[in-house]
Each structure stands twice: as C-alpha cells, then as structure tokens.
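Now for the letters of each chain:
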Amino acid sequence: MERRELYDSILDRSKRIMWQDDCYMDLQTTSSSLASQTENKDLCWIQKHQEQLQRFITTSFLDGIVTHLRRVEVLTATEETKIKEAGQLQDQVIMLTTIISGKDSQGTDAFRGFIESSDSLPAQLIINHDSMVKEHKEVLLRQYEQHRDRDSVSCPKLNISSRNLLLVDGLSDLQQKEHDLMQVGVTRGGKRNHLRQLGLAKLLEPLTRVSLPPRVSVTVGVAGIGKTTWVRHFVRQWCQGAYYTDVSFILPFTFCELNSLEKLSAERLVKMAFPHLTDPSLVLSSSCRTLFILDGLDEFRCTLNFSDAASCNDPKKEVSIDDLVTNLIRGNLLPDVAVWVTARPGVASLIPGGLVDRVTEIPGFSQKDIQLFLDHHFSEKEYANKIWPHLESHNILMVMCYIPGICWIVADTLMYIMQSGTQESLPRTFTELFAHFCSMKAEVGEPRGREPVKIEQLHGGNRKLLGNLGRLAFYGLLKHKYTFSEQDLRAYGIDPLLTQCSLGAGVLVREESVIYTTFRFTHLTLQEFLAATFYHVSSKRAIFDLFSESTMSWPKIGFQNHFRSALQHSQQAEDGHLDVFVRFLTGLLSSGVVKPLAGLLALGKDDGNQKAWAAGFLQGLLVNGGAVVSLRAVNLAYCLQELQHTELLRSVEEGLQLRSLAGKLTRAHCVVLGYLLHVSPECSEQTNLTGSLTYSTVKCLLPQLLYCSHLRLESNQFKDDVMELLGSLLSAKDCHIQKISLAENAISSKGAKALSRALLVNRTLMSLNLRNNNIGSKGAKFLAEALKMNQVLVSVNFQNNAIEEEGARALAEVLQCNRKLVSLNLQKNMIGAGGAKRIADALKANLTLTKLILCSNQLGDKGTIALAEALTVNHTLLSLQLQSNSISNKGMTALTKALRSNRGLLSLNLRENSIGVEGAKNMAYALRENHSLQDLDLTANLLHDEGVQAIAGAIKLNQGLISLHLQWNFIKSSATKALADALASNTVMQLLDLQGVSAGTSGAIAMADALTMNQTLQTLDLRGNTVGMEGAKKLANALKSNRSLKSLNLQENSLGMDGAIFIATALKGNHQLTYIRWVSQLQLVLIFSYMETLNVSQKSCSSRVTPCFTDFNSFCFFYSLQGNGIGESGAKVISDAITANAPGCVVDI
C-alpha cells in the first residue's frame, strides 16, 4: 500500500518535481535568447556599417544584392520595387537596410553573407575601410609625433594652429625668377596687401557654395619658411580627427623619398611607403577620398616634363618616377585623388598654371612675430632685450628673420656669443653670423662659461669635415641639388658616421623613412655659406676653374681671378641662385669672420689688401652695368655691405635722408639706392624721393620701385613720358605699391591716360595723389573711366588740376558705380555750381564715400543747396569741406536744414565764406537737433556777436560737437562771455578756437571762470585777444584747478611780465597741460615777452623765474628766450633751470 501510494505520488504531476518541464523551458529560453542575440548582432552589423554601406555601395553592387535577396526569397517583388523607386542611390541603400532590418535573422544573414563573401571593391571597402583607416592613422601619428618638438614654437601665437596660409592667384615674376633671400629682401618680408587668408582646415574645401574642392593644390614658401612643418602639422591634425574626417587616406611623400626610386606603379609606391596598407587598390579607389601630399618639389632630382611625359592612367602600370608624378598632377593617373604639392616658388612655377586649382603661400614672421619669438625663445629676458635693438640697427639681419628657420639660427647664434663671456661684438653681416654659427656647432658639447675650446682642438677632424662639406655644398649648389644620399657623402670624402659628431649634426640634417635615408643642410643659406668657404680656400691654390668639377678647363690662377669668375657666373645666372653665395664669398674677406673661423678654415692673414681690391672691383661693376638697375646689380651692393665697405652706401643713404640726391644719381648711386630701397629704415614705411629723380633715373630704378609700399615722387618736374614708365610700373604683376604721390609735377592729360591704363589692371594701389598738376577735364575723364573698373583705390586727390565742371561730371559718374572710393579731394578745380550739382546727385546713390573736399571751387549758394539736398538722403558721408566757396546765408540755410535730418556727417568745414548772423542762427537751430556733428569750422565768416551768441546757446544743449572754430568772425567780449557760459555746462566740447576775436580782459575772465567748472575742454586758442595781465591772472587761477586742458595758446595777448609769471606759477601745479604758447612769434614762449622793454636785470630774472620750474616737468615742448635783453648769464640761469626740471624742452637762446 505504501509502495502504491508512493508510486501514485510520483505519477501525480501536481506533486512531483517538474524537472523535465524546467529543463525544456530553460532550453527553449536559451535557444530563443541565442536566436535573439544573433538577430541583434546582425542588426548591429548593419548599424555599424551603415555609413560604409551608403558610401561605398555602387549601383551595380546594389543590383547584385537585391537580385541575390530576391533569389533567396528575403525580398518580395513589392519590396524590390519600393527600393528602386526610393530615388537616388543613397536613398535606395537606406531603403534596403531599413527593409532588411525589419526582417528576421534569415534576411540579415543573407544580406551580410552576400557582402562578406564578395571579393568586389565595394564589399571590401564596406568590411575593411574603418580598420584600415584606423591603423593608417596610428602608423602616421607614431611617425610624425617624433617631429613634434622640432615643429613647435615656444610661443603659442606663432604655432601653425594659430596662423593662416595666404591665397594667391599665381606666382609673381620675383617669386619665379629670384633667389629666396632676394625675394625676402626686396619685399622686406611683407606680403601683398590684397591677399586673402585661408586656414589650413580650409585647404581642401571649396571657396564658395557653387565651386568644387581643388584637385591640385600648390603651397609655396621660401626655404626655411616651414613647408614641411605645415605638412606634418596637417597630417597630425588629420590623424587626431581635428579636421577632414571625410578624407579616408592621406598619403604623405617627400620628394627626397621619390629621388631613391626609378620605375614603379602607383599601387607599388603606396605599398612600399605604407606596408600596412595591404591592398592599395582600395586606398586609390574613386570611392575613397584620398590625398597625396608631395612635399618639397624643389628637392626632386628629376625635372617634370608636362609636355613630353608618357601618358599613364593605370595605377598598376610601372613608369619612371618623374612620369608617375607628372601623370598624377596632370590627372591622367588617379583623377579622383587630390594632390597637395609644396615647393619653393621658383620650382613651383614649373607646374603649368592650368593644372593647378589653388595656390597658397606660407607667410613668414612679421616684426611683431620676431619679437614674440625672441621673448619666448630666451628664458633670460636680458638676452631678448639686447638682441632686438641689435636687429633693429642691422636691418639686413632683421629682414632675414622673416624666415622662421633663419630666425632660429640668428637667435641661437647671438645667444651663444653673449653667453660665451667674451667681449666679441655681435655680428653685423650675414657672413659674420654664419661664421659664429659654425663655430658654435663645432663647440657643441663644451659647456659655455667654462674654459673656451682651444683652437688646436678644432684642427684636424673638424677642419677636414668642414672642407669636405663645403665641397659637397658648392657642387650641389651648382647642380641645384639640396639633398644628398649616403653615396653622395662618401663621394666627397664624408663618412656618414661623422654626421653624428657635433659639427656634422649641427650642419647636416638626417632624414629617414621606410624607403630612403637622405641628408640636407640645416638651411639653404648654410649650404651657400659652406660653398663660399670651400671656394674661398680652394681659390688660393686652384689652377683650374672651380666651377668645372673636372680639371678640363682653362687654367685660372690666383684668388682674384677666381673671385672675378664667381662674380661673372653670379651676374649671368638668370635665377639668381648664386647671389647669396657671392655675398658670403665677399664677406669672407671681412676681418669680422677671421676669429670665429680660426681653426676651422685656413683663411690666411688679414692684411686688408684683398678686401680693398674686392671693394674696388665691385664698385667698378656698379659703374659699368646696363642702363636699368637689375637685382643682379643690386646684389653687388649687398656684397659691399657684407664686405663692410659702406662709404658709398652711407653717402647715398645720407642723401636720401636729407633729400639731397637731385643731380647726383649716377648709375652706381642708382644701384645703391635700389639696395637701400630694400634695407634702409628710411624706406621701410615711406620711400621719399621728392625732388630727386629725372626721367633717366626713374627708368634706371624702375624695377626696384616695384616693391616700395609708399612712394613719394613729388616735385620732380615729371612730364608725361615719366607717366608712361610709372604706368608700366603700376601695371606689373609684382607691384607692391599701395600709396603713390605725384604731387607738384607737370602731368597733363596724356600722363593721366597712361595712369588710367595702369589702374585698370593694378590691384595694390590704394591712394593716388595728383595734387597740383595739370591733367584738366580730359585727364579727369581718362582716370574716371579707370575708376569705374578699379576696385582697390580708396583715396584720390585731384586738388588744383583744372578739371572744371566737365571733369566733375565724369567723376560723379564714378561715384554712382564705384563701391571702393572713400576719399575724394577736388579742391581748387573750378567745378562751379554745375559740377557740384552732378556730384550731389551721385551722392544720393553712393554709400561708400566718407570724405569729400570741394574747397575753393566757386560753388556758391546753388552748388551748396544741391549738396544740402544730397545730405538729406546720404548718411554715409562723414566729412564735407566747403571752404572758400562764396556761401552766403541762403546756402547756409539749406545746409542747416539738411543737418536737422542728417545723422551721418561728423565734420563740416565752412571756413572763409560769407555766412552772416542769419546763417549762424540757422546753424544754432540745427545744433539743437543734430547731435552727430562733431567738428564745425566757421572760421573767417561774418557771424558777429549776435550769431555766435546764438551758437553758444545751442552748445548748452548739444551733446555731439567736440570741436568748434570761430576765429576771425568779428566777435567781441559779449560773444566770448556767452561761449564761456555755455562751456560751464557743456560736457563734450574738447577744442575751442577763438583766435583774434577781441575777447578782451572781460572775455578772458569769463573763460577762466568756465574753465574752473569745465572738465572736458582740452584745447583752447585765445591768440590775439588782448587778454592782459588781469585776464592772465584769472586764467592762471583756473589752470590750478582745471585738469582737462592740455593745450593753451595765449600768443599776442599783452600779458606783461606779471601775467607771464602768473601763468608759469600756475603750471607748477597743473599736470595736464602739455603745450602752451604765448607772446612770441609762432614759438612757445614761457616767459619774458616784455623783458626787453622792461629792462629786467639778470639777477631779478633768475630770482623770479627759477622757482617756477622746480617742480615743472614735460609741460612744454619749446621755449624761446630770444630778444628779451636778459644777458648771457641770466639766460644761462633760465636755461639750466628749464633743462634740469623739464628735460623734454628745447631752449632756444
């Protein structure tokens, strides 16, 4: 029974343990979970590769996917139709993935399986793209991180991330044909002012919404400007995802690498340089956005021949390396791949412009950048403080610091000299600088401040190494070769291991990559310097021409013959690539290089004979050259500077400073002047050749005038033939001129026509001054036609050119269409009321002109009324000058009516007209409403007391006017008192001119009372007002409390001795006044105006005046004590007192 119950209990499902069910349910749950996970995994795969699917699936590959999925019954016919009708390819891919994601795992398995089993290019990109890109970035980042310290600058403001490229529309003739340092010297390191800046992050982007990204970009920069540094920074930023995230692969190559290759295909090149990219066909496919970087075209051993290169469009086909590069740039090969080439400007010009979509230029350091660099480069401030003044006084070094690579050399070398503890002077020339640089590199490892290295220690190894490096440098320079292999080094007797010694490591840079090892000099100029040292030493014993590496040449014996040969080769080199070499060669004759190079070079004894001979030889070349001063000729002056033979240079510079060059400019002087235009501080901001030039000298200097930024050619009696020359100057692509003044010449309409042709193409000139010529209405018409097209000029001065109404009409047409002109001066041109009306009509439409000068043009009331009407519409004109135009109350009424509504005009000049009381009252009404006008000049009108009193009443309320000129208006004390009353409450007025208004003592007293309350007036002119002693006393008391007045003019006021003493005593406590004039003619006189008539003794003079200056500092700039009868000793007492207590003053006794 018990057994039966037990059995029944076992069979009872409600009592037994349902382990089978539990196990079944668990297994079912596990199976369901695994299926769900598989499905989720497939969905995750789709989501993970969604971007790649959209990016890489082609139309044919999509058709294959859909066909396969239809065949395995994953897609229905309806779904297939839905996909095909989705729109563009990308939309169809999105529709496909959406439909597949909504199905079970069978659909996603089929979709994924088809892609993973396919060996097509789209399938491989979908599967492998992201992993390949990630690995490639990691490899590049490791490779380029090791250069980060070399590429960075201690000052954050100078790092590449905070700087921009310059977008240029092509290379200038200077860049294409001249040596890098000549380019920098000529332009003073400045950039063309019209260039647009472009951030590195925008390098590959389209400039406008409708333009395409550039396929071929070329970035130029002189040697040492940082082209490779910019490339490394670009690659690092891309690897870190800072920009160009849509670029799949960046493939950076240097032409040094390519030099070691002969014949290969594009795919093999990629695989050789980047072994981790196992399938180059994926990288180079049109589906990927790929960028080739080709850095340093100037270092390529082959010459690119774009006309005869064999065509190649197959990335698997092997061709010569130069043909591969040519086809890549031309677009025959890999047309969908972007290419970025960097090069020095002269070599970059070899690429046809039609193949280049974008040209950018790397800017160098400005003077501000150089100062920042020095401040951050030296931990000890005293070094930077010493180096900066030295650079300023030796402009040739300052200009070269524009190149960051040279700036490093300059800074390190100068600091080395200062830390050495010797009393050596800092280098004044480039040759001296590099002599010290080599000396420094030879001593690397020797702690500075200890026992200096003995000369004997520098003999032997270093001398031999330097000699061999010089030979390598010289013959490399002749062949335009700037990178060298280990084989090259051995060929010149240099063991590559020696490049790791102190001198070798400081002079040569070793570059290594997967496919090459190469060497180059630290900077191009160092190669040129070492080449010059080799030539200098070898020429003393060579019997054959050193410019021929073999001995098969005409015998040439003696240093002087070899020196002549070097200068001859330099002058004949069209590209100027030997310019700096001969500068160094000449500089090695200077005594300043002997000491630093002692032990390194066998320079021989310095007896001065060779230097004197070389100076004479160079000056002979200056005299005997061609009619036009070329840069080859200017380089001779650079050589004289390196030689430190500066007599001729100094004489021309002195003439430039004193404006005394007229009639003295021989050809030699013109060459030196061309040199000074590059380096003289006198020409850095403004080149003033006023009264110095003739037609022949302009023609001679023409190529050098191109690079002046501000050119003053006034009072040279230039006629129209010179304008033809200057027109060609302004038309040149290389033109850097931003301002040119041709005032006070004899230019007629024919000369104006030549200028107008130039203005049609010129894109740099911003200011043109033709004051006091004779272009007439015809010339004005020619220039007007050019101004309609010109989009650069902002300021034009036609003053006194007799353009008359007809010329004004032509210029009015310019104002209607020109949107750049800001300032127009038509003073003294007899344009009359008719011309004024034309200009007024144009002003109604013009929105850019801010300054208009129409003084002395016989406008009358009619012309003024027309201008007034324009002012009711035009609110952009800021300054209007109508001096001497016979304007009466009628014209004034129209102007004041316009001022009530005009809110743009800031300055109005109505001097020397016929405006009376009525006009003054109307102006007062306008000033009550107009608070934008800041400067009002009513000098020499007919305002009288009544008119000025009305204006004074308006000033109490006006909150805009800061400058008011009322001199010579028949004003008396009552009007002055009204103005004083207004000043007491006015809080904006800064300048008040009341010269010659007969204010009298009472007026001066009222003005003094106002000064005790007014705290804004800075300039007060009370000349010729019979202020008297009492007025002076009152003003003196006011000066003790007033803290705003900075300039006070009390000339011709009968102050008397006591009045002068009152003012002087007041100045002792007033620390704002910086300028004061009284009594003496047009000079600042502090005291003693009446000493001669009063016969003040020397003793009383010194006793009464000296105390006034005991606490008196920097109030006045100039004192005159002339004609006061105080005697020599009295004058000395006064002079000593002023000089001791006011060192900024000039005492004229």
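See the structure printed just above.
Along each chain, numbering runs from 1 in the same order as the chain's sequence is written. Thresholds applied to this predicted model are a pLDDT of at least 70 for local features of residues and 80 or more for the giving and counting of side-chain atom pairs; totals over whole chains, interfaces and linings are not thresholded and use all residues. For side-chain calculations, the full set of non-hydrogen atoms in the structure is used, while hydrogens and water are omitted.

1. Overview of the overall build of the protein
Thinking step 1. Across its full length, the protein carries 50 helices and 29 strands.
Thinking step 2. Looking at the protein as a whole, 55% of its 1149 residues qualify as buried.
Thinking step 3. Throughout, a contact is declared for two residues whenever any of their heavy atoms are within 4.5 Å. At a minimum sequence separation of 6, the contacts of the protein that also span at least 24 residues come to 79%.
Thinking step 4. Methods summary: accessible areas were calculated by the Shrake-Rupley approach with a probe of 1.4 Å, and residue burial reflects only the protein chains presented. Working note: accessible area of the protein is about 48,300 Å², and carbon and sulfur atoms make up 51% of it. We count a stretch as a helix when DSSP gives it H or I for four or more residues in a row; a strand needs E for two or more, and each element gets its number in order from the N terminus. Residue exposure (1.4 Å probe, protein chains only): buried if accessible area is under 20% of the type maximum, exposed if over 50%, otherwise partly exposed.

2. Thoughts on the sheet that holds strand 8 (residues 338-343)
Thinking step 1. DSSP-based pairing: two strands are paired if at least 2 bridges between them are found. Ordered by their spatial adjacency, 7 strands build an open sheet running 2-1-9-3-8-6-4, and the pairing between neighbours is mixed. The open sheet terminates on both sides in strands that have one partner only, identified here as strand 2 (196-198) and strand 4 (249-254). With direction set aside, neighbouring strand axes in the sheet form an average angle of 25 degrees.
Thinking step 2. Pairing analysis gives 4 bridges linking strand 3 (residues 216-220) to strand 9 (residues 358-361), with the strands arranged parallel. Considered in strand 9, the bridge of threonine 219 is made with threonine 360.
Thinking step 3. Comment: axis = line fitted to C-alpha atoms, over the contacting stretch for helices; angle = value between 0 and 180 degrees taken between N-to-C directions. Across the sheet, helix 12 (residues 227-239) is in contact with strand 1 (165-168), strand 3, strand 4, strand 6 (290-295) and strand 8; its angle to strand 6 comes to roughly 155 degrees.

3. Some points on helix 38 (residues 804-817)
Structurally, the α-helix is built with 3.6 residues per turn, so residues lying three or four positions apart point the same way.
Thinking step 1. The terminal C-alpha atoms of helix 38, which comprises 14 residues, lie 21 Å apart, in line with the 20 Å expected from a rise of 1.5 Å per residue.
Thinking step 2. Within helix 38, burial applies to Gly807, Ala808, Ala810, Leu811, Ala812, Val814 and Leu815.
Thinking step 3. For helix 38, the secondary structure elements touched by its buried residues are helix 37 (776-789), strand 18 (823-825) and helix 39 (832-843). Any helix carries an expected span of 1.5 Å times its number of residues minus one.

4. Points about a nonpolar patch on the surface
Thinking step 1. On the surface, a cluster of nonpolar side chains totalling about 310 Å² of accessible area is made up of Leu760, Val761 and Met789.
Thinking step 2. Secondary-structure assignment places methionine 789 in helix 37. Each patch is assembled from residues with relative accessible area greater than 30% and no salt bridge, linking like charges that lie within 9 Å and nonpolar side chains (Val, Leu, Ile, Met, Phe, Trp, Tyr) that lie within 5 Å. Within this document, salt bridges are pairs made up of a side-chain nitrogen of Lys or Arg and a carboxyl oxygen of Asp or Glu, the two lying within 4 Å of each other.

5. Notes on the packing of aromatic side chains
Thinking step 1. Within 6.5 Å between ring centres, the rings of Phe, Tyr and Trp (the latter by its six-membered ring) count as paired, and their orientation is classed by plane angle as stacked under 30 degrees, edge-to-face over 60, tilted in between. One pass over the full model with this rule turns up 32 aromatic pairs.
Thinking step 2. For the pair tryptophan 613 and phenylalanine 617, a centre-to-centre distance of 5.4 Å together with 5 degrees between the ring planes defines the contact as stacked. Taken together, the residues tryptophan 613 and phenylalanine 617, both in helix 30 (residues 609-623) and 4 residues apart, mark about one turn of the helix.
Thinking step 3. Given the relative accessible area of 19%, tryptophan 613 is considered buried.
Thinking step 4. Three or more aromatic residues joined by ring pairs make a cluster, and in this case those are Phe474, Tyr475, Phe534, Tyr535, Phe547 and Phe581.
Thinking step 5. Working rule: Lys NZ or Arg CZ, within 6 Å of ring centre, within 35 degrees of ring normal, means a charge sits over the ring. In this structure, arginine 344 packs its charged tip against the face of tyrosine 482, placed 5.1 Å from the ring centre.

6. Examining the pairing of strand 3
Thinking step 1. With respect to burial, strand 3 is a largely interior element, 5 of its 5 residues being buried.
Thinking step 2. Here strand 3 shows a buried face lined by Val216, Val218 and Val220 and a second buried face lined by Ser217 and Thr219.
Thinking step 3. Of the pairings in the sheet, the one linking strand 3 to strand 8 comprises 5 bridges and is parallel in character. Note on strand 8: the bridge partner recorded for valine 216 is valine 339.

7. Considerations on the pattern of salt bridges
Thinking step 1. For the coordinates displayed, the defined rule picks out 33 salt bridges.
Thinking step 2. Two residues, arginine 70 and glutamate 80, come together in a salt bridge whose shortest N-O distance is 2.8 Å. Of the two residues, arginine 70 sits in helix 4 (residues 59-71) while glutamate 80 sits in helix 5 (residues 77-84), which places them 10 residues apart along the sequence.
Thinking step 3. A relative accessible area of 32% places arginine 70 in the partly exposed class.
Thinking step 4. Measuring nitrogen to oxygen at the nearest pair gives 3.2 Å for the salt bridge that ties glutamate 80 to lysine 84. One end of the pair, glutamate 80, and the other, lysine 84, are both in helix 5, 4 residues apart, so they sit about a helical turn from each other.
Thinking step 5. The network of salt bridges with common partners includes Glu486, Arg490, Arg510 and Glu512.

8. Digging into the packing of helix 35 (residues 720-731) against helix 36 (residues 749-759)
Thinking step 1. Two elements in contact, helix 35 and helix 36, have axes separated by 8 Å at closest approach and are oriented at 5 degrees. What the angle tells us is that helix 35 and helix 36 run roughly parallel. Note on element contacts: helix 36 touches helix 35 through Lys750, Gly751, Ala754, Leu755, Arg757 and Ala758, opposite Asp720, Met723, Glu724, Gly727, Leu730 and Ser731.
Thinking step 2. For the contact of helix 35 with helix 36, a count of residues per class yields 5 nonpolar, 3 polar and 4 charged. The cut-offs work like this: below 35 degrees is roughly parallel, past 145 is roughly antiparallel, 65 to 115 is roughly perpendicular, and the gaps in between are oblique. Residue polarity follows a fixed list, in which Ala, Val, Leu, Ile, Met, Phe, Trp, Tyr, Cys and Pro are nonpolar, Asp, Glu, Lys and Arg are charged, and the others, Gly among them, are polar.

9. Focus on the nonpolar core
Thinking step 1. Each nonpolar core is a collection of buried residues, namely Ala, Val, Leu, Ile, Met, Phe, Trp, Tyr and Cys, held together in the definition by side-chain atoms within 4.5 Å. Residues Phe234 and Phe581 are the most contacted members of the largest nonpolar core, which totals 354 residues.
Thinking step 2. Ignoring anything within four residues of it in the chain, the contact list for phenylalanine 234 reads Leu200, Leu203, Leu204, Tyr243, Tyr244, Ile250, Leu291, Ile293 and Trp340.

10. A few points about the sheet that holds strand 12 (residues 517-521)
Thinking step 1. Strand order across the open sheet formed by 3 strands is 10-12-11, with antiparallel pairing between neighbours. Of all the strands in the sheet, the pair left with one neighbour each is strand 10 (483-484) and strand 11 (508-512).
Thinking step 2. Where strand 10 meets strand 12, 2 bridges bridge the pair, whose relative direction is antiparallel. Each bridged residue has a counterpart across the sheet, and for phenylalanine 484 the counterpart in strand 12 is phenylalanine 519.

11. Brief notes about the environment of threonine 522
Thinking step 1. Assignment of secondary structure puts threonine 522 in the loop between strand 12 and helix 26 (524-538).
Thinking step 2. On the basis of relative accessible area, threonine 522 is assigned to the partly exposed category, the value being 29%.
Thinking step 3. Between the C-alpha atoms of threonine 522 and isoleucine 406, which are 116 residues apart in sequence, the distance is 9.7 Å.
Thinking step 4. Setting aside residues up to four positions removed in sequence, threonine 522 forms contacts with Gly506, Val507, Leu508 and Val509.

12. With respect to unusual backbone geometry
Only a minority of non-glycine residues have a phi that is not negative, and only a minority of peptide bonds are not trans.
Thinking step 1. Despite not being glycine, glutamate 912 shows a phi value in the positive range, around 55 degrees.
Thinking step 2. Position of glutamate 912 among the secondary structure elements: in the loop between strand 21 (907-909) and helix 42 (917-929).
Thinking step 3. For glutamate 912, a relative accessible area of 36% gives the class partly exposed.
Thinking step 4. The phi torsion at serine 998 lies on the positive side, around 60 degrees, for a residue other than glycine.
Thinking step 5. One can find serine 998 in the loop between strand 24 (991-993) and helix 45 (1000-1013).

13. Some words on the pairing of strand 4
Thinking step 1. Of all 6 residues in strand 4, 5 are buried; the element is thus mostly enclosed.
Thinking step 2. Pairing of strand 4 with strand 6, which is carried by 6 bridges, proceeds in the parallel orientation. In the strand pairing of strand 6, phenylalanine 253 is matched with leucine 294.

14. Quick notes on the environment of asparagine 716
Thinking step 1. Mapped onto the elements of the fold, asparagine 716 is located in the loop between strand 14 (710-712) and helix 35.
Thinking step 2. Since its relative accessible area comes to 7%, asparagine 716 is described here as buried.
Thinking step 3. When the C-alpha positions of asparagine 716 and leucine 693 are compared, they lie 5.9 Å apart, and in sequence the two are 23 residues distant.
Thinking step 4. In this structure asparagine 716 touches Leu689, Thr690, Gly691, Ser692, Leu693, Glu744 and Asn745, once residues within four positions along its chain are discounted.
Thinking step 5. Nitrogen and oxygen atoms within 3.5 Å of one another constitute a polar contact, given that in protein one can donate a hydrogen and the other can accept it, and given that sequence-neighbouring residues count only through two side-chain atoms. At 3.2 Å, the side chain of asparagine 716 and the backbone oxygen of leucine 689 are in polar contact.

15. Considering the side chain of threonine 690
Thinking step 1. The topology assignment puts threonine 690 in the loop between strand 13 (687-688) and helix 34 (695-705).
Thinking step 2. Sequence-distant contacts of threonine 690, that is, excluding residues within four places in its chain, are made with Arg712, Glu714, Ser715 and Asn716.

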